[in-house]
Amino acid sequence: MNGADDTLRTDFLVLGSGIAGLRAAVGLARHGAVLVVTKDQPSESNPGYAQGGVAVAMGADDDTQLHLDDTVRAGAGIVSGAAARALVEEGPERIRELAAWGARFDREDGRYHFTREGAHSRHRVLHALGDATGWEMVRALLDKAHRTEAIAVRSFACSTDLLVRDGRVAGCRFLDEAGKETSVLARATLLATGGAGRVFAETTNPPVATGDGVAMARRAGAALLDMEFVQFHPTALALPGAPRFLISEAVRGEGAYLRNAAGERFTDELAARDQVARAIARENREGRGPVVLDLSHLDPERVRARFPRIVATCRRYGVDPVSDPVPVTPAAHYVMGGVATDLHARSTLRGLYAAGEAAGTGVHGANRLASNSLLEGLVFGARAAEAMVRDSPLPERERGRGEGQDNREMGSGDGSRGSIREDLQRRCWAALGLERDGAGLADLERWLDGCRATAPARPRDRAAAEDRNLLDVAWAMAAGALFREESRGSHYRTDFPRPDDRFRGHTLLEGGGPRLVDVETPIPEGARC
Ligand SMILES: Cc1cc2nc3c(=O)[nH]c(=O)nc-3n(C[C@H](O)[C@H](O)[C@H](O)COP(=O)(O)OP(=O)(O)OC[C@H]3O[C@@H](n4cnc5c(N)ncnc54)[C@H](O)[C@@H]3O)c2cc1C
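Chains are numbered independently. Their residues run from 1 in the order of the written sequence. This being a predicted model, a pLDDT of at least 70 is required before a residue's local features are given, and a value of 80 or more before pairs of side-chain atoms are given or counted; all residues contribute to the totals for chains, interfaces and linings. Hydrogens and water molecules were not included; the side-chain quantities draw on all heavy atoms of the structure.

Asker: With reference to specific residues and values, describe the overall build of the chain.
Answerer: Numbering of helices and strands runs from the N terminus, with a helix taken as a DSSP run of H or I at least four residues long and a strand as a DSSP run of E at least two residues long. Each helix and strand counted, the chain has 13 helices and 23 strands in total. Within these notes, the globule rule equals 2.2 Å times the number of residues to the 0.38 power, and the radius of gyration is based on C-alpha atoms. Taken against the 2.2 N^0.38 rule, which gives 24 Å for 529 residues, the C-alpha radius of gyration of the chain at 22 Å falls within 12% of a compact globule. The dimensions of the chain, computed from C-alpha atoms along their principal axes, are 70 × 55 × 45 Å. To sort residues, take the accessible area from a 1.4 Å probe on protein chains only and compare it with the maximum for the residue type: under 20% means buried, over 50% means exposed, and anything in between is partly exposed. Scored against the burial criterion, the 529 residues of the chain give a buried share of 62%. Contacts are assigned to residue pairs with any non-hydrogen atoms lying within 4.5 Å of each other. A separation threshold of at least 6 residues defines the contact pool for the chain, and within that pool the share at least 24 residues apart is 73%. Working definition of accessibility: Shrake-Rupley area with a 1.4 Å probe, residue cover restricted to the visible protein chains. Just so you have it, the chain exposes about 19000 Å², and 49% of that area is on carbon and sulfur atoms.

Given below as structure tokens:
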């Protein structure tokens, strides 16, 4: 409902309309009015691009312990066991629920069909419409949200800062497309703003992935976790003029080979992502590139049926993956770190919650197991809703309707307009990318300090707000990467190329500099300022 001035009031405020935000909104709607604020059209988010699928232990030869073991192994010694257990054990129920709400997962002979991806010990990656899994999951959630009266969606509204009142987060400010600023007050606020791949020059992420929630939380005083851990996907399409379209790991799962310019296979195609990504970077750096994906030995009909979007996109840029080699490059893909939360999405600030890629639960440790993040959005989105309701019960008479629906369909853009952004992305790719070292990170941190000192305190449009957030998020990543003098999972330091037990923990960035916290409970339950 509208206030007298430019202030809206709602019971629950959800920032972001991806998997985590929408799943939370559906859960919250039974307990009060929900306003979903999203900065583009509601369907524009990372899952719209997610092709591989969603990892879930529902196959006949699978069980949750095997999924847990694979998740823990991928995380290189610092997965928080309780968070990972929640993920794998609650996952099947969240998937069944989503299917009941209309998500059409692919079947073969009447049963769900599971494919296999890198570092999974079983075929456990469920997919939808061939290679449009994330898109289909968001579609089902959006349909459900649109059918739910208590949920209102405010599109093209870019939240810029959190409002903190009497020591708790009380809502946010957002800018609409015309640059008009509005405040929203709520009993509980969820950050479900997704990833931050746009910090880097090479990324698979869409333009909305500028780390806004993480930056807003940090400015409001919330702790961040493990920001140095960024997963680089080994195989983004590398054709001149084409976006870094992701060639899913499932393509290698189906048997595609990686070859260098001499036609040699040079790595285990199904090894962990960081290993494959660095192997490709090494071939390129040492003059044995460009590296290509070779599908020519696979059944063409199966490739076309299984990967229709990948085939269509490659063809649009003049390459037919069924017969032609597909040039690929590593690209920033997923941020394991985020706003530090307990097992129920509670941040260190009262009234503030985070779920999905924006959150740092420790569930992925130092490296995410492929296809665990769509499941993470569902499981922790649902958990966030439960905690928000439990922590701020609503008197019956105050339950109200949200603000009116506003779902205009418009194109999206990255809004960088030749600002500081390109420079930032280039520098971060060089110093904070696949291989890092102390000197490069310290230089980057100094440069970021200078830029952050002159960034506007109250940006007037989305592009300026995103630029400020990218600077803040890049700074947090660089601080974590500089602090962690070892190599672990996705974080590779050429000056400290091995894991070091002294760093076997999570990096908590709170107030001043980073410090190491316990692997199992990075944020103890109820540890709030
Ligand atoms: C190309 C690609 C392929 C992938 N494939 C897979 C896969 O096969 N399997 C898998 O498990 N994972 C995959 N992932 C990762 C997965 O898609 C994401 O980790 C996951 O979707 C994150 O969900 P989320 O709900 O946290 O955020 P998102 O789904 O990214 O949603 C973020 C939302 O927040 C909004 N937003 C951002 N900033 C603001 C702001 N300031 N104000 C208001 N709204 C804001 C965005 O517009 C968006 O609606 C893939 C990612 C990419 C990029």
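Asker: Can you explain the pairing of strand β15 (residues 230–237)? Please cite residues and give values.
Answerer: Every other side chain in a regular strand lies on the same face of the sheet, so the side chains alternate between the two faces. Of all the eight residues making up β15, eight are buried; the element is thus mostly covered by neighbouring parts of the structure. Of the pairings in the sheet, the one linking β15 to strand β18 (residues 326–335) comprises six bridges and is antiparallel in character. Bridge pairing in β18 links L237 to V328. Whether two strands pair comes down to DSSP finding at least two bridges between them.

Asker: An account of the side chain of D62 is requested, with residue identities and associated values reported.
Answerer: Following the sequence through the fold, D62 ends up in the loop between β4 (54–55) and α2 (64–74). Given the relative accessible area of 10%, D62 is considered buried. At a separation of 2.8 Å, a polar atom in the side chain of D62 contacts the side chain of R124. Excluding residues within four positions of it along the chain, D62 makes contact with V56, A57, H67, R122 and R124. Any pair of nitrogen or oxygen atoms within 3.5 Å is treated as a polar contact; in protein, a donor-acceptor pairing is required on top of that, and neighbouring residues in sequence qualify only through side-chain atoms on both sides.

Asker: Lay out the sheet that holds β15 in plain terms, naming residues and giving numbers.
Answerer: Here four strands make up an open sheet; going across it, the order is β15-β18-β17-β16 and the pairing antiparallel. Lying at the two open borders of the sheet, with one neighbouring strand each, are β15 and β16 (257–259). Averaged over all adjacent pairs, the angle separating strand axes in this sheet is 45°, with direction ignored. Pairing of strand β17 (residues 292–294) with β18, which is carried by two bridges, proceeds in the antiparallel orientation. Directly across from V292, in β18, lies its bridge partner P327. Axes here refer to lines fitted to C-alpha atoms; in helices the fit is confined to the stretch in contact. Angles between the N-to-C directions go from 0 to 180 degrees.

Asker: Quick one: what's the story with empty space enclosed by the protein, residue by residue and with numbers?
Answerer: Where empty space is left becomes clear once a probe the size of a water molecule has been rolled over the atoms. A pocket here means an open set of points on a 1 Å grid, computed over the protein atoms alone, that has protein on both sides within 12 Å along at least five of seven lines. A cavity is instead a set of points where a 1.4 Å probe fits but cannot get out; residues with an atom within 4 Å of a point line either one. Grid points are joined across faces, edges and corners, and a volume is the space filled by probe spheres set on the points. Tallying each qualifying case throughout the model produces two cavities of 30 Å³ or more. There is about 60 Å³ of room inside the largest cavity. Surrounding the largest cavity, A74, G118, A119, Q231, E249, A271, A272, R273, N367, R368, L369 and A370 form its lining. As a volume, the second largest cavity reaches approximately 40 Å³. L224, L225, D226, M227, E228, A476, G480, T507, L509 and P514 together form the lining of the second largest cavity. Of all elements in the fold, only β14 (224–225), α13 (462–483) and β22 (506–509) reach the threshold of two or more residues within the lining of the second largest cavity. Each residue is assigned to one class: nonpolar for Ala, Val, Leu, Ile, Met, Phe, Trp, Tyr, Cys and Pro, charged for Asp, Glu, Lys and Arg, and polar for all the others, Gly among them. Residue classes in the lining of the second largest cavity are distributed as six nonpolar, two polar and two charged.

Asker: How would you explain the packing of α2 against helix α3 (residues 81–100) if you had to name every residue and give the values?
Answerer: What describes two packed helices is the angle between their axes and the distance between those same axes. Closest axis-to-axis distance for the α2/α3 pair is 9 Å, and the angle between their directions is 135°. With respect to their mutual orientation, α2 and α3 come out oblique. Between α2 and α3 lies a crossing whose hand is right-handed. Contact residues: T64, Q65, H67, L68 and T71 in α2; G81, A84, R85, V88 and E89 in α3. A breakdown of the residues in the contact of α2 with α3 according to their chemical character gives three nonpolar, five polar and two charged. Here the word oblique covers every angle except those under 35 degrees (roughly parallel), over 145 (roughly antiparallel) and from 65 to 115 (roughly perpendicular). Crossings are assigned a handedness: left-handed for a near helix turned anticlockwise from the far helix by less than a right angle, right-handed for a clockwise turn.

Asker: So, the pairing of strand β13 (residues 188–191): which residues are in play, and what are the values?
Answerer: Along β13, one buried face is formed by A188 and L190 and the opposite face, lined by T189 and L191, is buried too. Examined bridge by bridge, strand β2 (residues 12–15) and β13 share four bridges and lie parallel to one another. Note on β13: the bridge partner recorded for L13 is T189. Relative to strand β20 (residues 352–354), β13 is paired through three bridges, and the arrangement is parallel. Following the sheet pairing, L191 is matched in β20 by A354.

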